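A closer look at the structure
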Amino acid sequence: MIFRAYILRVFSALTAICLWLAGPAAHAQGADAALLVADSVLITENNRLVAEGNVEAFYEGTRMFTDKVIYDQDRDELIIPGPVRISQANGDVLLADSADLDSKLENGILKGARYVLRKELQIVSAQTDRVEGRYTVLRKTLSTSCQICGGGPPIWQIRSDRAIHDREERMIYFRHAQLRLWGLPVFYFPKLRVPDPSLDRATGFLVPKLVSNTKLGFGIKVPFFIKIGDHADLTLTPFVTPKTNTLEFRARKAFRRGLVQFNGAYTQDQLIPNTPRHYITGFGAFDLGKDVILSFDIETTSDAAYRSLYRYAGRDRYGSNVTLTQIRRDMFFKAELFNYETLRENESNDTIPTLIGNAIYERRYKLPRVGGDLSARLELHGHKRVSLTDKVGRDMGRVNVDVNWKRDWTLSGGLRLGLETGLGIDSNRVVQDSTALGRVNRVTPAASLRLSWPLIKRGQSGASYLLEPIAQVGWAGGSPSKLVNDESVAQELDEGNLLSLSRFPAKDRRETGFVGVLGVRWQRLHSESWSAGVTLGQVFRETADPAFSPSSGLQGLTSDTLLSVYAKTSWGGAIRARGLFDASFQPRKAEAQVSYSRNKWSVSGTYVQLKKDTVESRTASVAEWSLDATYAVSRHWTAQTSLQYDLIADRTARTRGKLIYANECLSVGIGAERRFASSTTLTPDTTYELSISLSGLGGGAAGPRRKCKTY
């Protein structure tokens, strides 16, 4: 008789079995044993229950599947003569030829067992004991996460006399363990402890990496991860070659409302004998409540070439800062303090602004009766040089107050009219520069009127089209500032400031006089085919402002022509480009980004061109392009490459290539990088790297599972 065919009899049978398995205590405390379901159930004279046919047992998330179960009430034991499968709530699976278990499925012995953890790591054993509902003890084991095909050995395996899996700590302990590759022993460990695949953080060694550099020689990096509670950790990575002894570190700490992280390294090498070399970077952020965020960044290094040589990605100017921000719907506050350190050959930390402070408070108001938006902004700024020498040690400070009102109207025929007015009050003070005015106070009123005509059309394909010509006329009182330009050195005309009242990046100076703008915007938008856009604009002014640099595009009475384009397709291609073109339509500044991602390919490239501009400390023109590409050669092989080329010098600046093999149990990466940069602190070098990772031991699967061949 099949119980599942008759609902009422199934319910009655299950209830009877549960109460019988639980014993007399079930009536007082509720059933505390496994729930058993089967096609047929027989109670024998010797106080045994025999369940046969599609037998399933359940207990607190653990499920057992088999063909036959014999329950001995006197010993409170389940005897399973045939193949059995036990699935646990965390996804682990036990497969065995036979088993003797208690009624809670927690303790017992399994013969010919195979233990599968998270569908990744499998441990085959001659005998498996389940102890205290926590430990799984396996004897004479073979452990691997590799697919086993044709009876041959897996790529890697760990053989041991005994393995113990602690389900609470999620750790596996091996005794007398051998690591074998393709069946050949390569390492022996008297004792070995590894995390199971479900554990992301555990103290122990991470994936080592072999590194060879033409300057540092051949060496190895062996990271050691130290878990410091649930919310902090430390990673120490010794890097040793014949020419260097380096210790890298990373420290992390998470708080209830914030986090911090520090990275660094300490080195003694033969390149600079008897001189310690180091670098430290750090960052952190904390939520102080009421939308207030406190953050900091730290950067420092011992010398200019250190981080570049050791591949610790650095810049030629380091900055440390602490920032306090509060952002709400109609309010913005930001206070920050910076300290800069330059590594450039043509700069000195004594003569550049090394200590900089900023504070900004801004509010926005809706004006119901008048209409439009009113914004009020207060800004404080100061920067200081270390040098005490006149002129080169110049220090500056300023206070700026801005009040702006803007409103838009829609006229007949779809015309849009925009009006903006503003008043700027500035107080600037210069010290330690006898050629500059001590304090300068200015009041700058400004206004602009904008007219645009957005024309919108929907095509037959469902795409939306926008054509919008724009014209603006503006005026600002006063005359060009005579202050030394310390802050607004790098100006540039772009889409963001095309219609601004002032295009200087800082408030130490403002545009003055009459200014006109002409522009046009075109867009095509379609979610399923392709989208594109073009912006064209130019600025005209009554009087030229000498503070604009030659490459800003804003020098003279007529600005360069701003041209910006973008396009994006449904098949994975995208391009974004922007340029400033002079009167003969020759590019003064140009940049482009191109990307493609589809199927096996992923490619991205950039192009940058900048004219020589001594005002921006650029003594020579710059033109270079870079390319990054990834190609999936097959299910398991991936190739990566990157290239950076200097068009002015007509030579490669940097090139890099990497080949990765990854399957369900193994990941191997081999790569090489060549840097061609040359200076007083840098010389060309080449680095080779090799890393091997065994998946299933504390991490997820590296790649797709291999398929066994069939004949």
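Note that the structure is predicted; figures quoted are calculated from it, not measured.

1. Focus: the state of the cysteines
Note: disulfide means a covalent bond formed between the sulfur atoms of two cysteine side chains. Per the counting criterion, the structure on display carries one disulfide. The residue that forms a disulfide with C146 is C665, at a sulfur-sulfur distance of 2.1 Å. Between C146 and C665, the S-S dihedral sits near 90°, and the bridge is therefore right-handed. Here C665 lies in the loop between strand 41 (651-662) and strand 42 (666-675) and C146 lies in the loop between strand 11 (135-144) and strand 12 (156-166), a separation of 519 residues in the sequence. When its relative accessible area of 0% is taken as the criterion, C146 is described as buried.

2. Things to note about the packing of aromatic side chains
Going through the model one piece at a time under the given rule, you end up with 17 aromatic pairs. On the numbers, 6.4 Å between centres and 90° between planes, the contact of F239 with Y310 is edge-to-face. With F239 in strand 19 (residues 232-241) and Y310 in the loop between helix 3 (306-309) and strand 24 (317-328), this residue pair connects regions lying 71 residues apart in the sequence. Accessibility assignment for this pair places F239 and Y310 in one class, buried. Ring pairing ties together the aromatic residues F239, Y279, Y306, Y310 and Y312, which thus form one cluster. Over the aromatic face of W530 sits the side chain of R524, whose NZ or CZ is 4.0 Å from the ring centroid.

3. Focus on the pairing of strand 22 (residues 277-289)
Bridging between strand 21 (residues 258-269) and strand 22 involves ten bridges; their strand directions are antiparallel. Paired with A265 across the strands is Y279, a residue of strand 22. Counted between consecutive antiparallel strands, the loop separating strand 22 from strand 23 (residues 292-301) contains two residues, among which K290 sits at a positive phi close to 55°.

4. Remarks on the side chain of T561
One can find T561 in strand 35 (residues 561-569). Overall, T561 belongs to the buried group, its relative accessible area being 16%. Apart from residues lying up to four places away in sequence, T561 is in contact with L536, G537, Q538, G579, L580 and F581.

5. So, the nonpolar core
Among the nonpolar cores identified, the biggest contains 39 residues, and M64, L101, L110, I172 and F174 are the most heavily contacted of them. The element best represented in this core is strand 3 (residues 48-59), accounting for five residues. Residue contacts for L101: discarding those within four places in its chain leaves M64, D76, E77, L78, I80, I86, N107, G108, I109, L110 and R130. Counting residues in hydrophobic clusters, the runner-up holds eleven residues, among them V517, A547, L562 and L580.

Calculation notes
Residues numbered from 1 in each chain as written. Predicted model: local features only at pLDDT ≥ 70, side-chain atom pairs only at ≥ 80, totals over all residues. Heavy atoms only, no water. Disulfide = S-S within 2.5 Å. Helix = DSSP H or I, 4+ residues; strand = E, 2+ residues; numbered from the N terminus. Buried < 20%, exposed > 50% of the residue type's maximum accessible area, 1.4 Å probe, protein only. Phe/Tyr/Trp six-rings, centres within 6.5 Å; stacked < 30°, edge-to-face > 60°. Lys NZ or Arg CZ within 6 Å of the ring centre and 35° of its normal. Pairing = 2+ DSSP bridges. Contact = heavy atoms within 4.5 Å. Core = buried A, V, L, I, M, F, W, Y, C linked by side-chain atoms within 4.5 Å.

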